[in-house]
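So you can see what is in the structure, the chains are spelled out below.
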Amino acid sequence: MLTNEQWLIVGILFATLSLFLWGRWRHDMVAVAALLACVLTGLVPFSEAFTGFGHPAVITVACVLVLSYGLQNTGAVDWLTRSVLPAKAGPTVTFLSLTGVAALLSGFMNNVGTLALLMPVAMQIAVRLEMPPGRVLMPLAFGSILGGMTTLIGTPPNLIVSGIRAEMGAGNFSMFDFTPVGLAVAVTGVLFISLLGWRLVPIRKQASSEGFDTAAYLTEARVTKESKAVGMRLREIEAMLDEADAQVVGLVRNDVRVIAPDYGRIIYAGDILILEAEAGTLPNALSNLGLELEEAKTKEIEQTNNGKQAEENLEAVVEIKKTDANNEENEPAVPEKEDKPSDEIVLMELAVLPASSLVGRSPSDILLRTRYGINLLALSRTGRRTLTRLRTVRFKAGDVLLLQGSPDAIAGFADNSGCVPLAERELRIPDKHKAIVSGIILVLAVGLAAFGLLPPAISFTLGVLASMIFHTIPLRSLYQVIDWPVIVLLAALIPVAGVMQTTGTADLIAKGMLTLMAQGNAIIALGLILIVTMTLSDLMNNAATAAVMCPIAIGTASQLGANPDTFLMAVAIGASCAFLTPIGHQNNTLILGPGGFRFGDYWRMGLPLELLVLLVSIPMLLWIWPL
């Protein structure tokens, strides 16, 4: 019979899991709501509500993110990747090198940062191998996820597992306690991906020798008075656009949006056509009808001193450069001066990272044109066609943005907003000395923690202080590089996990699982914990999964009289195996747009990979951490 406290925590846990799976609210919001629910119902004392923010696991995660950025900022990782990755090898060797480097880096730095650094390299590899970009991006993403399970600092779930072990009085796991099992799983996974797995990735776009393809863009084009489209019916326009592989998917007239307008509708000057077109065919689609890009034609409304708003037309100062079959270039509207490289206008595609400050905001919210001097020409969002106005569309993780502006302006915007360019980047090492120093700092921090000379939280905090002293990271960027939603998520869920343990709810759930499914068999119970954790991790944040499953794992071990470390390690492995959906891990989300993937594409390589993980990890767990 459940006690009142147990009923309360079960209800809160069920509501929390439901909100995580629903996905409408951010994970950190749900975690804070769960914490406050526990506080208001008396399950967590007021004085202990925010103790999670001082938990060593939370401090360690924040410090690792800062040290990871130090490696990125100095160019140390760029040098490593270009030194290790082969330039002219075949697919098998290339995939083995790429996923191996990703796994290695992810063992010691944030795996989202690893993917962001290697994505431009992967795009160039796709071009060289004449493959769709998705066939390179998915192996890269999965490799970076696999590498995280090899060390204590490789991924937040490992730190949570270690922290909860310490809470139960058994002490923290050491830096490389995760390595024997994690490395075996990671090596097996990398070999599978390199030899067979990449062939299972669905082909969504054909490879091109001139670049990579993404999903079709939605672009706004204004019909001017001089446009050929004036007076034409929509069906006539569609016929002309067929030559450029484009189509009209919407119409804006007098600020009223019409989705799927009738083909008999007559087009007038001032109308805005919403076109669906590939980036390569976009210039032809515009020139065929004499249309002008809306973002290059209009200027945002500004507030005047007397309180009135005025909108004025702005002539486009540049045109999209395009080369036809005869290699003839369009003459720019305003002559460019050869002695001013800063006047160069380029088109660049950026992918929105999961932790980007753009998520949930629109171009108007961030003053994209007035603040950065950049035009948003188009947006690609795989799996869902967005017909809202470009100036008001709210960005999501994985969106691909087609931006127009100077290289420096776009590069600055990418750095500030948390986006990654989908193109080859120059190898830029601002200071070779700093690159070496940042590497030494990370090695020393890992060494101090690995040999037990200092607790991980203290060791990595010392590393952050050293990075500040030696200026391997800009001081102004120190707090910007920390993934605060993850920090809040961890800090909020640690007390909630403690309640599950102290109220006996975890033991109760574990007993139910053992009675109904495992029937008292410790090995079956271990496999069940691993499978449930992997399933939850495919559907919700992996850190949240670890926090929820750790108390249940400890309760299961207690009921069986088994080694709790074996079950905690199973949770750590399972929480790092999110390969079936684009929402289970941030890296899966990030490649959704650039890879042109659909929601159901991930399981084709992910399911055999998860089965392989299961087959390898159970024997390794029983060997390294005997029951």
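Residues numbered from 1 in each chain as written. Predicted model: local features only at pLDDT ≥ 70, side-chain atom pairs only at ≥ 80, totals over all residues. Heavy atoms only, no water.

1. Some remarks on the packing of aromatic side chains
(1) Moving on: This model, assessed by the stated rule, comprises 7 aromatic pairs.
(2) Moving on: Ring centres of phenylalanine 142 and phenylalanine 579 lie 4.8 Å apart, and the angle between their planes is 55 degrees; this geometry places the pair in the tilted category. One end of the pair, phenylalanine 142, is in helix H7 (residues 134-147); the other, phenylalanine 579, is in the loop between helix H21 (564-575) and helix H22 (586-590), and 437 residues separate them in sequence.
(3) Moving on: Under the relative-accessibility criterion, phenylalanine 142 is labelled buried at 0%.
(4) Moving on: Pairing phenylalanine 173 with phenylalanine 178 gives two aromatic rings, centres 5.4 Å apart and planes at 70 degrees, and the pair type is edge-to-face. The exposure classification of phenylalanine 173 matches that of phenylalanine 178, with both residues buried.
(5) Moving on: Ring pairs connect the aromatic residues Phe173, Phe178 and Trp625, which therefore count as one cluster.
(6) Moving on: The lysine or arginine in question, arginine 165, covers the ring of phenylalanine 173, its NZ or CZ lying 4.4 Å from the ring centre. (Phe/Tyr/Trp six-rings, centres within 6.5 Å; stacked < 30°, edge-to-face > 60°. Helix = DSSP H or I, 4+ residues; strand = E, 2+ residues; numbered from the N terminus. Buried < 20%, exposed > 50% of the residue type's maximum accessible area, 1.4 Å probe, protein only. Lys NZ or Arg CZ within 6 Å of the ring centre and 35° of its normal.)

2. Comments concerning the pattern of salt bridges
(1) Moving on: One pass over the structure, following the stated rule, counts 3 salt bridges.
(2) Moving on: Between arginine 253 and aspartate 271 there is a salt bridge, and its shortest N-O distance comes to 2.5 Å. Placement of arginine 253 in strand S2 (residues 247-253) and of aspartate 271 in the loop between strand S3 (256-259) and strand S4 (272-277) is noted, with a sequence separation of 18 residues between them. Each member of the pair, arginine 253 as well as aspartate 271, is classed as buried.
(3) Moving on: A salt bridge links arginine 394 to aspartate 365; its shortest N-O distance comes to 2.8 Å. Of this pair, arginine 394 sits in the loop between strand S9 (375-380) and strand S10 (400-405) while aspartate 365 is found in the loop between strand S8 (346-352) and helix H13 (368-372), placing the two residues 29 residues apart along the sequence. (Salt bridge = Lys/Arg side-chain N within 4 Å of Asp/Glu carboxyl O.)

3. Quick look at the nonpolar core
(1) Moving on: Ranked by internal contacts, the top residues of the largest apolar core, which has 141 residues, are Phe142 and Phe460.
(2) Moving on: Of all the elements, helix H17 (residues 484-502) adds the most residues to this core, at 12 residues.
(3) Moving on: Filtering out sequence-adjacent residues up to four positions away, phenylalanine 142 remains in contact with Ile193, Phe579, Asn588, Tyr602, Met605, Gly606 and Leu609. (Core = buried A, V, L, I, M, F, W, Y, C linked by side-chain atoms within 4.5 Å. Contact = heavy atoms within 4.5 Å.)

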